[in-house]
Amino acid sequence: MKMSIMKISGILLAVMLLLSACQYSEKQNSIPNPSSKVNDDAEKNSAASNNAQEKIEGGNDDNQMDYDEIKDEPQEDSSIDEQENQESIIQPQDSSVTTSTSTTTSTSTSTTTSTTITSTLTPTTTTTTIQPVEDNLQSSFSDSALISKLKSYKPIFTEHKDMETPSGSKQYVFLGGTGKVLLSAPHSVNHIREGSVKINDYCTGPIANVLHDITGAPLIYLNYKSRDPNYYDDTEYKEALGKFLDEHPEIELVIDIHGAAESHDWDVDLGTMNGNSLIKFKDLESKITGFMNSNGINTVSSNDFTAAGQNTVTKFSSGKNRDAVQIEINRKFRCSSDENDIKLLRAMEDVVNNYE
């Protein structure tokens, strides 16, 4: 009996030990593995990083699109002039910005939204050409701009100087304008007088065109070789000139531009038919001389070429009850040197702008 009790006790002890061992094993299994947690966190961080990178790259595309839309929008302030509008769209210069915050604002007529993106930005470089702002009266041209413009006209007259008038074209060019003065250059290309070809008055065409540009005065000039409009009245040139003067009573002075040889002892000669072509402004010669002198043209002659001996533009215009003067320009002031060209152009500009 005693042995049976001992066996039973031993069996119970073994069972208790077995149960205790099982409980310990379950407890150990319920404790998380630190190494496994690290691996899981790494996988999660990697996935989050990939998602964030995708969002950043997408953000860059949106940022560039919004910037392009904004810079192309017109200025809302109507008081800003054209040059300021152009300057406002110049792209930023090259720079390197790493892990910076860029704020982009997309604007429409009804809503405004802002998006902040953190990324590595690499701005693109864009060259913007700003066109100069031009108005109707270009008297603000610099000296260098005048010289550049003068040179740009020369090839046109070189090409046309001995060219016959093409079928369907006019022998002359008439450029409209404003003010009281009309400019004329009848010898800007070669011309025919009594069956012979007479050589053009060099650079009078370009000079007349630059004066038109900087003063706004209307201009007529000979564009193709034809009968001399400063010798004959029955020419297309004189017909167009007469019609314009008849239709525009506001024109009170005609300046006829010519060229003379460098051998003359004067810089400029004023032909006024010995004063008879000055209908309104009898003192015009002295006024023109004053403007010439103040711009460095020191020797001004009077009526060495009177403009009275043939059917000149000056005689024709005075017959229309207009003041008229034939200005003969010494060769050294016609596309000879930049300094002399500027003196002549500025003096003539003053004459046109100050005639009242």
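Residues numbered from 1 in each chain as written. Predicted model: local features only at pLDDT ≥ 70, side-chain atom pairs only at ≥ 80, totals over all residues. Heavy atoms only, no water.

> I tried to follow the packing of aromatic side chains on my own but got confused; where do I start?
Geometry of an aromatic ring pair is reported as the spacing of the ring centres plus the angle between the planes. Counting across every chain of the model gives five aromatic pairs. Measuring from ring centre to ring centre gives 4.6 Å for Phe 174 and Phe 244, while their planes differ by 45 degrees; the resulting arrangement is tilted. Taken together, the residues span a long stretch of sequence, with Phe 174 in strand β3 (residues 172-175) and Phe 244 in helix α6 (residues 236-247) at a distance of 70 residues. According to the relative accessible area criterion, Phe 244 is buried, its value standing at 13%. Across the ring face of Tyr 232, the terminal group of Arg 227 is positioned such that the distance to the ring centre comes to 4.0 Å. (Phe/Tyr/Trp six-rings, centres within 6.5 Å; stacked < 30°, edge-to-face > 60°. Helix = DSSP H or I, 4+ residues; strand = E, 2+ residues; numbered from the N terminus. Buried < 20%, exposed > 50% of the residue type's maximum accessible area, 1.4 Å probe, protein only. Lys NZ or Arg CZ within 6 Å of the ring centre and 35° of its normal.)

> Where do I start with the nonpolar core in this structure?
Judged by nonpolar contacts, the single largest core of 57 residues is most densely connected at Leu 183, Leu 211, Ile 255, Ile 327, Leu 344 and Met 348. At seven residues, helix α9 (residues 338-354) tops the list of elements feeding residues into this core. (Core = buried A, V, L, I, M, F, W, Y, C linked by side-chain atoms within 4.5 Å.)

> Explain the state of the cysteines to me, please; I cannot follow it from the model alone.
One covalent bond between the sulfur atoms of two cysteine residues makes up a disulfide. Evaluation of the coordinates by the stated rule reveals one disulfide. Sulfur-sulfur distance for the disulfide between Cys 203 and Cys 335 comes to 1.7 Å. In this pair, Cys 203 is assigned in the loop between β6 (196-198) and α5 (204-215) and Cys 335 in the loop between β12 (323-330) and α9, connecting sequence segments 132 residues apart. Overall, the relative accessible area of 4% leaves Cys 203 in the buried class. (Disulfide = S-S within 2.5 Å.)

> Which parts of the structure should I look at to understand the environment of Ala 260?
By the secondary structure assignment, Ala 260 is in strand β9 (residues 253-260). For Ala 260, a relative accessible area of 5% translates into the label buried. Separated by 72 residues in the primary sequence, Ala 260 and Lys 332 have C-alpha atoms spaced 9.3 Å apart. Residues contacting Ala 260, with those up to four places away along its chain left out, are Trp 266, Glu 328, Ile 329, Asn 330, Arg 331 and Arg 334. (Contact = heavy atoms within 4.5 Å.)

> Before we go on, may I ask you to explain the environment of Met 348 in this structure?
Mapping Met 348 onto the fold places it in helix α9. The class of Met 348 is buried, set by a relative accessible area of 0%. As for Met 348 and Leu 211, which are separated by 137 residues in sequence, their C-alpha atoms are 7.5 Å apart. Ignoring sequence-local partners within four residues, the contact set of Met 348 consists of Leu 211, Ile 255, Ile 257, Met 292 and Ile 327.

> Can you walk me through the sheet that holds β6 in this structure?
Through backbone hydrogen bonds, the strands of a sheet pair up, either in parallel or in antiparallel fashion. Taking strand neighbours across the sheet as the criterion, the three strands line up as β6-β5-β8 in an open arrangement whose pairing is mixed. A single partner strand is all that each edge strand has here, and the edge strands are β6 and β8 (226-227). In this sheet, β6 lies alongside strand β5 (residues 191-193) in antiparallel orientation, the contact comprising three bridges. Across the sheet, His 191 pairs through a bridge with Lys 198, a residue of β6. (Pairing = 2+ DSSP bridges.)

> Mind showing me how you'd approach the environment of Gly 195 here?
Mapped onto the fold, Gly 195 is located in the loop between β5 and β6. For Gly 195, a relative accessible area of 70% gives the class exposed. Between the C-alpha atoms of Gly 195 and Arg 227, which are 32 residues apart in sequence, the distance is 8.8 Å.

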